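Working through the structure, step by step
The lines below spell out each chain.
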Amino acid sequence: MDTTPAHANLTIVRHPLVQHKISLLRSRDTPTKIFKELVDELAMLLAYEATSALPLEPVPVHTPLEATTGYRVSGKKLTLVPILRAGLGMVEGILRLVPSARVGHIGLYRDHDTLKPVDYYFKVPGDAAERDFLVLDPMLATGGSAASAVASLKRAGATRIRFLCLVAAPEGVRHLGEEHPDVHVIAAAVDRELNAHGYILPGLGDAGDRLFGTR
Ligand code: PRP
Ligand code: URA
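Structural notes, computed from the coordinates. (Residues numbered from 1 in each chain as written. Chains lettered and ligands numbered in written order. Predicted model: local features only at pLDDT ≥ 70, side-chain atom pairs only at ≥ 80, totals over all residues. Heavy atoms only, no water.)

This brings us to the pairing of strand S11 (residues 160-168). Of all nine residues making up S11, eight are buried, and the element is well covered by its neighbours. As judged from the five bridges shared by strand S9 (residues 132-136) and S11, these two strands associate in the parallel manner. Bridging from a neighbouring strand, Leu 136 pairs with Leu 164 of S11. When strand S10 (residues 139-140) meets S11, the two strands line up parallel, connected through two bridges. The residue bridging Leu 140 from the neighbouring strand is Ala 168, located in S11. Handedness of the crossover joining S10 and S11 through helix H4 (residues 144-155) is recorded here as right-handed. Two strands pair when backbone bridges link them, and S11 and strand S12 (residues 184-190) are joined in this way by six bridges, in the parallel orientation. Residue pairing for S12: Leu 164 is matched across the bridge by Ile 186. Once you follow S11 into helix H5 (residues 170-179) and on to S12, the crossover reads as right-handed. (Buried < 20%, exposed > 50% of the residue type's maximum accessible area, 1.4 Å probe, protein only. Helix = DSSP H or I, 4+ residues; strand = E, 2+ residues; numbered from the N terminus. Pairing = 2+ DSSP bridges. Right-handed = clockwise from strand over helix to strand, strands pointing away.)

Pasting the structure below:
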C-alpha cells in the first residue's frame, strides 16, 4: 500500500497482481465476461487491503490437539454499499472474503449534461452508526457521485466510511477529500485527468456499460 503525499485521503494499492489486472481491465479488447471477472478479483484484492485494520477480539479455539486462542473480527458486521450500477460488480468478490458482510445499496446516475449525480435509491442497515462501511464504485471521476453517496450514508448515521474504487481521477479524489476529509479512498490507480465529458483519461471507458454489456 502507498498513501500518496499529494492526496492525504488516498491509498493506492500497488500490488503487482492489482496493477496487472487493472491493465487488462483498461484494454478495449477485454470482453464483458473477462471484464466482470477482473472487477470481481480486483475488488477482492482492494478489500484485503481496506480491511487490514479491522479490530479483532480473542476467541477460544479447540484444535484436534489442544485448546488455544484464536481471533475474530469484532464489532458489527462490515457493510458493503455498492453505488448502482457499476458498484454491483465489486460486491461478490468482497463477499467471498467477508461472507458475513451486510450489503446496502445506493442508486445514483450521473446526468449526462451537468455531470451532477441524480439519486434514485437508498437502503442500508438501520444501525448505521455502529457499522464500518465500504462504499464501492469502480470509477471516481468528478467525485460528485461518491460525495453524494457518502453524504446520504452520513445522514443515515454512518461515521466510519471508506471508499473503494478501481480507477480515480485527481479531481474526484480532491472533491471527495474537500467534502468528506474523514473518508479514505483506496484505489488501484489514479489517472491523469478528466476529459470534457467527465470521462477519466486514460481510464477504462464506461464501467457500467462494460460490466453489463449495454451501450
Ligand atoms: C459512473 C460510475 C460512478 C460515476 C462516477 O456511473 O460508476 O458512479 O459514473 O462519476 P462521477 O465521479 O463524476 O460522479 P454512471 O453515472 O455512469 O451510472 P451507471 O453506473 O448507472 O452507468
Ligand atoms: N464513469 C465511468 O464509468 N467512466 C468514467 O471514465 C467516468 C465516469
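This next bit is on the site of ligand 1. Around ligand 1 there are 13 residues in total, and Arg 110, Asp 137, Thr 142, Gly 143 and Ser 145 lie nearest to it. Within the backbone of Ala 141, one N or O atom sits 2.9 Å away from an oxygen atom of ligand 1. Contacts to ligand 1 include Thr 142, whose side-chain N or O atom sits 2.5 Å from an oxygen atom. Among the detected pockets, ligand 1 sits in the largest pocket. Only strand S7 (105-110), S10 and H4 provide two or more residues apiece to the shell around ligand 1. In the shell around ligand 1, the residues fall into six nonpolar, four polar and three charged. (Near = heavy atom within 4 Å. Polar contact = N/O pair within 3.5 Å; in protein donor to acceptor, adjacent residues only side chain to side chain. 1 Å grid on protein atoms, 1.4 Å probe; cavity = no way out; pocket = protein on both sides within 12 Å on 5 of 7 lines; lining within 4 Å. Sits in = over half its atoms within 2 Å of the grid points. Nonpolar A, V, L, I, M, F, W, Y, C, P; charged D, E, K, R; others polar.)

What follows is about the site of ligand 2. Around ligand 2 sit Arg 110, Met 139, Ala 141, Gly 198, Tyr 199, Ile 200, Gly 205, Asp 206 and Ala 207, and that is every residue in its neighbourhood. With respect to ligand 2, the backbone of Gly 205 contributes an N or O atom lying 2.8 Å from a nitrogen atom. Between Ala 207 and ligand 2, the recorded distance is 2.8 Å, taken from a backbone N or O atom to an oxygen atom. Compared with its free state, where it exposes 240 Å², ligand 2 has 88% of that area covered by protein. (Areas by Shrake-Rupley, 256 points an atom, 1.4 Å probe, with all protein chains shown as cover.)

This part is about the layout of surface pockets. Considering only enclosed or pocket space, the largest pocket measures out at about 650 Å³ in volume. When its residues are assigned to classes, the lining of the largest pocket shows 14 nonpolar, nine polar and six charged. Its boundaries defined by the atoms lining it, the second largest pocket holds a volume of some 160 Å³. Taken together, Leu 54, Pro 55, Val 73, Ser 74, Gly 75, Lys 76, Lys 77, Leu 78, Val 98, Ser 100 and Asp 132 make up the full set of residues lining the second largest pocket. Among the residues forming the lining of the second largest pocket, the class breakdown is five nonpolar, three polar and three charged. (Points joined across faces, edges and corners; volume = space filled by probe spheres on them.)

This part is about the packing of aromatic side chains. Considering all chains together, one arrives at one aromatic pair under this definition. Each ring, one from Tyr 109 and one from Tyr 120, has its centre 6.2 Å from the other, and the planes form 35°; the classification is tilted. Of the two residues, Tyr 109 is situated in strand S7 and Tyr 120 in strand S8 (residues 117-123); the sequence distance between them amounts to 11 residues. Lying over the aromatic face of Tyr 199, Arg 110 brings its terminal NZ or CZ to 5.6 Å of the ring centre. (Phe/Tyr/Trp six-rings, centres within 6.5 Å; stacked < 30°, edge-to-face > 60°. Lys NZ or Arg CZ within 6 Å of the ring centre and 35° of its normal.)

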